[in-house]
Amino acid sequence: MVTVGGINTLPGLVVGPWGGVLSDRFDRRKLVIILQLIMAALALCFALLVFSGRVEVWHAYLYVILAGGCRSMTQPMRQSLIAGTVPRNMLGNAMATNVLTITSTRIVGPFVGGLLIFTLGYFWNFVIESVLYLANVAMIFPLRTPFHRPGDARQRGSAFANMLEGLRYVWTGERAFFQLMVLSIIPNIILHPAWFLFPVFTTEVLQRDADVGGYLLSITGVGGLMAALFVASFGFVFPKGRVVLGAAIGSAVLLIFFAFSKWMVLAFVVIAAMAGSQSLFRTTRGTLIQTLAPDNLRGRLTSLQSVDRGFLVVASIAVGLLSDLTNPSMAMAIIGAIGLAMALVCCVFLGRVRQLD
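Computed from a predicted model, the values in this text were never measured in an experiment.

(A) Local environment of the overall build of the protein chain. A tally of helices and strands in the protein chain yields 16 helices and zero strands. In the protein chain, which comprises 357 residues, the proportion classed as buried is 50%. Relative to all contacts within the protein chain whose residues are 6 or more apart in sequence, the contacts with residues 24 or more apart total 85%. Here the protein chain has roughly 16700 Å² of accessible surface; of this, 71% comes from carbon and sulfur atoms.

(B) Spatial organisation of the packing of aromatic side chains. Scanning the entire structure with this criterion turns up 10 aromatic pairs. A ring pair is formed by Phe51 and Phe123, whose centres lie 5.0 Å apart and whose planes are at 45°; its orientation type is tilted. In this pair, Phe51 is assigned in helix 3 (residues 28–52) and Phe123 in helix 6 (residues 122–140), connecting sequence segments 72 residues apart. Under the relative-accessibility criterion, Phe123 is labelled buried at 18%. On the basis of an interplanar angle of 70° and a centroid distance of 5.1 Å, the ring pair of Phe123 and Trp124 is categorised as edge-to-face. A relative accessible area of 44% means that Trp124 is categorised as partly exposed. Members of the aromatic cluster, each reached through a chain of ring pairs, are Trp195, Phe198, Phe201 and Phe258.

(C) Representation of the side chain of Asn188 within the structure. Within the element layout of this structure, Asn188 appears in helix 8 (residues 175–191). For Asn188, a relative accessible area of 7% gives the class buried. Separated by 3.1 Å, the side chains of Asn188 and Arg282 make a polar contact. Residue contacts for Asn188: discarding those within four places in its chain leaves Pro193, Arg282, Arg285, Asp308 and Leu312.

(D) Structural context of the environment of Leu280. With respect to the helices and strands, the residue Leu280 is situated in helix 12 (residues 264–292). Between the C-alpha atom of Leu280 and that of Met226, which follows or precedes it by 54 residues, the distance is 9.6 Å. Not counting residues within four places of it along the chain, the set of residues in contact with Leu280 comprises Ala227, Val231, Val243 and Ala247.

(E) Expanded view of the side chain of Thr284. Inspection of the secondary structure puts Thr284 in helix 12. Residues in contact with Thr284, not counting those within four places in the same chain, are Phe236, Lys240, Val243 and Val244.

(F) Up close: helix 2 (residues 15–25). Among the 11 residues in helix 2, eight count as buried, and that is most of the element. Within the span of helix 2, buried status applies to Gly16, Pro17, Gly19, Gly20, Val21, Ser23, Asp24 and Arg25. Considering only its buried residues, helix 2 is in contact with helix 3, helix 4 (57–85), helix 7 (159–172) and helix 13 (298–305).

(G) Molecular detail of helix 3. In a regular helix each residue adds 1.5 Å, so 25 residues correspond to 36 Å; helix 3 covers 36 Å between its end C-alpha atoms and thus fits that length. At the N-terminal end of helix 3, a side-chain oxygen is found 2.9 Å from the backbone nitrogen of Arg29, two or three residues along, and the residue is Asp27. In the segment just after helix 3, Gly53 is the residue with positive phi, at about 80°.

(H) View of the pattern of salt bridges. Summed over all chains, the structure comprises six salt bridges. In this structure, Arg300 and Asp24 form a salt bridge, with 2.7 Å as the shortest nitrogen-oxygen distance. With Arg300 in helix 13 and Asp24 in helix 2, the pair connects residues that are 276 residues apart, well separated along the chain. Note on accessibility: Arg300 and Asp24 belong to one class, buried. For Glu174, the salt bridge identified is with Arg352, shortest N-O distance 2.8 Å. In this pair, Glu174 sits in the loop between helix 7 and helix 8 while Arg352 sits in helix 16 (residues 351–355), placing the two residues 178 residues apart along the sequence. For Glu174, a relative accessible area of 17% translates into the label buried.

Conventions and cut-offs
Residues numbered from 1 in each chain as written. Predicted model: local features only at pLDDT ≥ 70, side-chain atom pairs only at ≥ 80, totals over all residues. Heavy atoms only, no water. Helix = DSSP H or I, 4+ residues; strand = E, 2+ residues; numbered from the N terminus. Buried < 20%, exposed > 50% of the residue type's maximum accessible area, 1.4 Å probe, protein only. Contact = heavy atoms within 4.5 Å. Areas by Shrake-Rupley, 256 points an atom, 1.4 Å probe, with all protein chains shown as cover. Phe/Tyr/Trp six-rings, centres within 6.5 Å; stacked < 30°, edge-to-face > 60°. Polar contact = N/O pair within 3.5 Å; in protein donor to acceptor, adjacent residues only side chain to side chain. Expected span 1.5 Å × (residues − 1). Salt bridge = Lys/Arg side-chain N within 4 Å of Asp/Glu carboxyl O.

Quick look at the structure:
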């Protein structure tokens with residue numbers, strides 16, 4: 001269960017950075033449209049495979065990996081497109097609005113998906129998914145990016161040379177990018193896999209049926225939605241560097257509290273607060289990346305910041321093993337303690353992040 005929860009992020013290790021290179025070499029809008037069409041075709045092919053009755057387990061894994069590869073390229077491209085559609089002073093609000101769609105999906109997605117499967121079956125579920133990808137393409141077609149300044153990546157050498165240029169900039173250019181990559185390990189790799197333990201946590205700790213784990217996951221969407229809605233409406237009250245560091249610390253502390261929350265209502269409140277902290281971190285980090293990135297390197301820098309998600313499947317396996325060796329509550333407490341220690345170290349040593357406004 002934990003492994004399946006993270007396997008669709010695995011292609012991001014290899015495919016994601018090259019998607020950033022393509023994003024800087026070609027028209028990002030057209031690339032997103034092409035990738036959405038590919039995802040629509042994948043969903044339709046899998047639907048037909050289900051309809052034929054010949055689907056096997058490895059087909060499902062292959063579909064998840066291929067779709068994950070497309071998604072790992074599409075998401076950084078979308079973020080880069082946001083920077084081209086709004087003026088610089090509205091970038092934080094735009095990034096938060098983008099996060100709203102993700103958190104909203106987390107609330108209604110499992111419910112709607114389960115309802116479709118129960119009423120219409122798997123075949124029509126994937127057919128509808130394919131249609132929704134096509135609808136997404138229809139919405140992107142009229143998109144304009146008046147604030148985008150085309151780069152010269154194709155004139156600066158091969159795709160491999162472009163990749164090296166992006167890596168050099170992260171390491172020797174603006175140090176904030178490298179430091180943000182280090183900081184992102186805490187919420188994305190250390191803390192987030194604990195969410196995959198929700199079903200077993202509800203049965204062994206909360207003494208409830210496993211479906212309550214699904215409710216916990218939906219509650220994370222509510223917490224993330226509230227945080228993103230606040231930023232989208234009011235912007236950032238404090239300097240962004242301090243916000244992103246504080247959000248990392250808060251996420252770790254709240255996970256520790258959640259680990260020892262044996263009362264269901266308290267568990268719901270704490271995990272919603274943690275999700276809000278996670279959402280605040282990602283919104284702030286995304287805003288900082290898009291604000292600091294030169295437009296000719298924006299695709300590469302954005303995709304490199306997302307490469308940590310490719311390690312999520314490995315982290316998920318480790319979390320599952322830790323839970324087997326101890327128990328879900330202790331595993332979450334240990335994960336939270338590790339995340340808190342790393343966040344405090346980052347506060348001391350990531351001086352460039354602290355300076356970001």
